[in-house]
Amino acid sequence: ILVGAIFAADNDNLTVTYEVQAINELTAGDDVTLTITSATAGSSPTAAADESTYNITTNCGADAKKITAAIDTNMPAGLMLSLNATAPEGGTSEGSTIISTSAADVVTAIDGVAESGITLTFFLSATVSAGVVSSNTRTLTLTIADYAI
């Protein structure tokens, strides 16, 4: 005797919700040391150079991001800090760029990319009027920002 029939479905549906949010990650490599130690007679002191690296991951659209660089305090009179940031694949390096407390574009037109070990080359140049400058530091900040052509 069947009092009540039990029915089970062969299948059912559910909703899968998904999202990928904006990813803009940048890490800097090792600190650098720049020491000017010599000059050719009759010329300005010989600039010092040192390298570090950076890593970047961004899922932006084509030519949508840039990297800016700024230091926390301007350099003393007679000293100039420059940075040549190699661009990740698809981006454009702005070449050797003077770095100050105002954010300067060092890489532009960045596409979506995940790349590591990208070269940063720092240069310190001095005029003779800078005189002898004791060891000091500046904090450099690299920032991923929106890029508008």
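Presented here is an overview of the structure given in this document. (Residues numbered from 1 in each chain as written. Predicted model: local features only at pLDDT ≥ 70, side-chain atom pairs only at ≥ 80, totals over all residues. Heavy atoms only, no water.)

### Comments concerning the overall build of the protein chain
Per the secondary structure count, the protein chain includes zero helices and nine strands. Listing the helices and strands of the protein chain from first to last along the sequence gives β-β-β-β-β-β-β-β-β. Relative to its length of 149 residues, the protein chain is extended, with a C-alpha radius of gyration of 26 Å against a globular reference of 15 Å. Here the protein chain holds 149 residues, and 26% of them are scored as buried. For the protein chain, restricting intrachain contacts to residue pairs at least 6 apart in sequence, the fraction spanning at least 24 positions comes to 75%. Accessible surface, the protein chain as shown: approximately 9900 Å² in total, 50% of it carbon and sulfur. (Helix = DSSP H or I, 4+ residues; strand = E, 2+ residues; numbered from the N terminus. Rg over C-alpha atoms; globule rule 2.2 N^0.38 Å. Buried < 20%, exposed > 50% of the residue type's maximum accessible area, 1.4 Å probe, protein only. Contact = heavy atoms within 4.5 Å. Areas by Shrake-Rupley, 256 points an atom, 1.4 Å probe, with all protein chains shown as cover.)

### Thoughts on the pattern of salt bridges
Evaluation of the coordinates by the stated rule reveals two salt bridges. The shortest N-O distance in the salt bridge between Asp146 and Lys65 comes to 2.4 Å. With Asp146 in strand β9 (residues 140-146) and Lys65 in strand β3 (residues 65-71), this residue pair connects regions lying 81 residues apart in the sequence. What makes Lys65 buried here is its relative accessible area of 12%. Between Asp105 and Lys66 there is a salt bridge, with the nearest N and O atoms lying 3.2 Å from each other. Pair noted here: Asp105 is in strand β7 (residues 104-110) and Lys66 is in strand β3, with a separation of 39 residues, a long-range link. Residue Asp105 is classed as partly exposed on the basis of its relative accessible area, which comes to 27%. (Salt bridge = Lys/Arg side-chain N within 4 Å of Asp/Glu carboxyl O.)

### Some details on the nonpolar core
In terms of nonpolar packing, the biggest core is built from 19 residues, with Tyr54, Ile56, Ile67, Leu83, Val106 and Val107 touching the most fellow members. Of all the secondary structure elements, the ones that give two or more residues to this core are β2 (48-58), β3, β4 (79-85), β7, β8 (113-126) and β9. (Core = buried A, V, L, I, M, F, W, Y, C linked by side-chain atoms within 4.5 Å.)

### Side note on the side chain of Ser52
With respect to the helices and strands, Ser52 occurs in strand β2. Using a relative accessible area of 9% as the deciding quantity, one classes Ser52 as buried. Here the side chain of Ser52 touches Asp30 through a polar contact of 2.6 Å, landing on its backbone oxygen. (Polar contact = N/O pair within 3.5 Å; in protein donor to acceptor, adjacent residues only side chain to side chain.)

### A look at the sheet that holds strand β6 (residues 96-98)
On the basis of which strands lie adjacent, the open sheet formed by five strands has the order β1-β2-β8-β4-β6 and antiparallel pairing. Edge positions in the open sheet fall to β1 (24-28) and β6, since each of these has one partner strand only. Shown here is a sheet whose adjacent strand axes are inclined to one another by a mean of 30 degrees, direction ignored. Pairing of β1 with β2, which is carried by five bridges, proceeds in the antiparallel orientation. Paired with Leu26 across the bridge in β2 is Ile56. (Pairing = 2+ DSSP bridges. Axes fitted to C-alpha atoms, helices over the stretch in contact; angles between N-to-C directions.)

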